[in-house]
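This is what each chain is made of:
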Amino acid sequence: MTAKSKRDKKAKRKTTGLHIVAHAALPTRYGRFTIYGFKGRGPQEEAVVLVRGNLNARTVPLVRVHSQCLTGDVLASLRCDCRAQLELSMKKIGQAGSGVLLYLPQEGRGIGLMNKLRAYELQDGGMDTVEANETLGFAADARDYEFSAQILKKLGATKIRLLSNNPEKVRQLESSGIRVIERVPCQPRVSKISRAYLKTKKRKMGHLLEGI
């Protein structure tokens, strides 16, 4: 079997079983959305997706692919900028003609909540986020965006404007068949507490951040 055949088989396996579990209206402070539940075959292949406007219109939808962060999104932790990015994204998508927010269960850049808390403990001892993840035996960023790309394709959003500071996210989506015609910065105001975290993102992970 050729390398291309293996890739095609892998892609087919990943897309098989992708389906919408349910959808409903979701009015928010940022505007009215339709909320969808998507599920694939794998244990991590599920996502909550908010859709704003008509994705089949001429305007290219504004898209945010957001990884779940219980401590930031729900508990308002200042160790990271996740909640601020989520709120900024919803505001910008709400103001756009059309857009999508994908919310994925990729806690701690893909290592899971309990391991993320172990990483926090190591960070309290002086490590940065990358060092902590690697000390626990994980990659600095273990996330995969193939499932996100398949959801966008199912929604008809194959050409997007992406709200992200992460070049790797752009690269993975494009390699999975999504055309990112513009990367839109997603950089809320920086707090004193999160500045060191953001410096690590920029220095060690190549995130595109201004003034950090």
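Attention in this report is confined to the structure presented alongside it. Numbering of residues starts from 1 in each chain and follows the order in which that chain's sequence is written. Note on the predicted model: pLDDT of at least 70 is required for a residue's local features to be given, and 80 or more for side-chain atom pairs to be given and counted; whole-chain, interface and lining totals, by contrast, use all residues. With hydrogens and water excluded, all non-hydrogen atoms of the structure serve as input to the side-chain values.

This next bit is on the pattern of salt bridges. Any two side chains of opposite charge can pair, so long as their charged atoms come close to each other. Note on definitions: salt bridges are taken to be side-chain nitrogens of Lys or Arg within 4 Å of carboxyl oxygens of Asp or Glu. On inspection of all chains with the given rule, the structure shows seven salt bridges. Residue R79 is joined to D124 by a salt bridge in which the shortest nitrogen-to-oxygen separation is 3.2 Å. Highlighted residues: R79 in the loop between α2 (70-74) and α3 (82-95) and D124 in helix α5 (residues 113-124), separated in sequence by 45 residues. The buried label applies to any residue whose accessible area, calculated with a 1.4 Å probe on protein chains only, is under 20% of its type's maximum; exposed applies above 50%, and partly exposed to all values in between. Assessed through its relative accessible area of 28%, R79 is described here as partly exposed. With a shortest N-O distance of 3.1 Å, E87 and R83 are connected by a salt bridge. Taken together, the positions of E87 and R83, both in helix α3 and four residues apart, correspond to about one turn of that helix. Put simply, DSSP marks the helices as runs of H or I at least four residues long and the strands as runs of E at least two long, and each gets a number from the N terminus on.

This part takes up the pairing of strand β4 (residues 62-67). When you tally the buried positions in β4, you get six out of six residues, the bulk of the element. Across the two faces of β4 the burial is the same, with L62, R64 and H66 and V63, V65 and S67 all buried. Across six bridges, the pairing between β4 and strand β5 (residues 99-104) is parallel. From the neighbouring strand, V65 faces β5, where its bridge partner is L102. As paired strands, β4 and strand β6 (residues 159-163) are joined by two bridges and run parallel to one another. Each residue of the ladder has a partner; that of L62, found in β6, is R161. Here, a strand pair is defined by DSSP locating no fewer than two bridges between the strands.

The subject of this paragraph is a nonpolar patch on the surface. Patches here are clusters of residues that have more than 30% relative accessible area and form no salt bridge, with a 9 Å joining cutoff for like charges and a 5 Å cutoff for nonpolar side chains (Val, Leu, Ile, Met, Phe, Trp, Tyr). Here, Shrake-Rupley sampling with a 1.4 Å probe gives the accessible areas, and only protein chains in the shown set may cover a residue. A contiguous nonpolar patch, built from L70, V74 and L75 and spanning about 270 Å² of accessible area, is present on the exposed surface. Relative to the assigned elements, L75 resides in the loop between α2 and α3. On the accessibility criterion, L75 (57% relative accessible area) is exposed.

Let's shift gears to the packing of aromatic side chains. For any pair of aromatic rings, geometry is given as the distance between the ring centres together with the angle between the planes. Classification of ring pairs uses Phe, Tyr and Trp, with its six-membered ring standing for Trp, and accepts pairs whose centres are within 6.5 Å; under 30 degrees between planes counts as stacked, over 60 as edge-to-face, and the remaining range as tilted. Per the stated rule, a full pass over the model turns up one aromatic pair. Judged by centre distance (6.0 Å) and plane angle (35 degrees), the ring pair of Y36 and F38 falls under tilted. Assigned by exposure class, Y36 and F38 land together as buried. Lying across the ring of Y120, R79 places its NZ or CZ 4.1 Å from the centre. Lysine and arginine charges are scored as sitting over a ring when NZ or CZ, respectively, is within 6 Å of the ring centre and within 35 degrees of the ring normal.

The subject of this paragraph is unusual backbone geometry. Of note in this structure, A76 is not a glycine but carries a positive phi near 60 degrees. Relative to the helices and strands, A76 resides in the loop between α2 and α3. Note on A76: relative accessible area 39%, which makes it partly exposed. Its identity is not glycine, yet R109 carries a phi of approximately 60 degrees, on the positive side. Mapped onto the secondary structure, R109 falls in helix α4 (residues 107-110).

Moving on: the nonpolar core. Note on soluble globular proteins: their nonpolar side chains tend to be buried together. By nonpolar core is meant a set of buried Ala, Val, Leu, Ile, Met, Phe, Trp, Tyr and Cys residues that side-chain atoms within 4.5 Å join together. Counting 25 residues, the largest nonpolar core has V49, I151, I160 and L173 as its most contacted members. Of all the secondary-structure elements, those providing two or more residues to this core are β2 (31-39), β3 (46-52), β4, β5, α7 (146-155), β6 and α8 (167-175). Here this core gets five residues from one element, more than from any other, and that element is α7. Contact definition: two residues touch when any of their heavy atoms are within 4.5 Å. Aside from chain neighbours lying at most four places away, what touches V49 is T34, I35, Y36, F38, V100, L101, L102, I151 and L155. Within the second largest apolar cluster, eleven residues are counted, among which are L50, L86, M90 and V184.

All right, on to the sheet that holds β3 then. Spatial strand order, β1-β2-β3-β5-β4-β6-β7: seven strands in an open sheet with mixed pairing. If you trace the sheet from one side to the other, it starts and ends with β1 (19-28) and β7 (179-184), each paired once. Averaged over all neighbouring strand pairs, the angle between strand axes comes to 25 degrees, with direction disregarded. In the packing of α3 onto the sheet, the strands contacted are β1, β2, β3, β4, β5 and β6, and the crossing angle to β4 comes to about 160 degrees. Between N-to-C directions, angles cover 0 to 180 degrees, with each direction set by a line fitted to C-alpha atoms, over the stretch in contact for helices.

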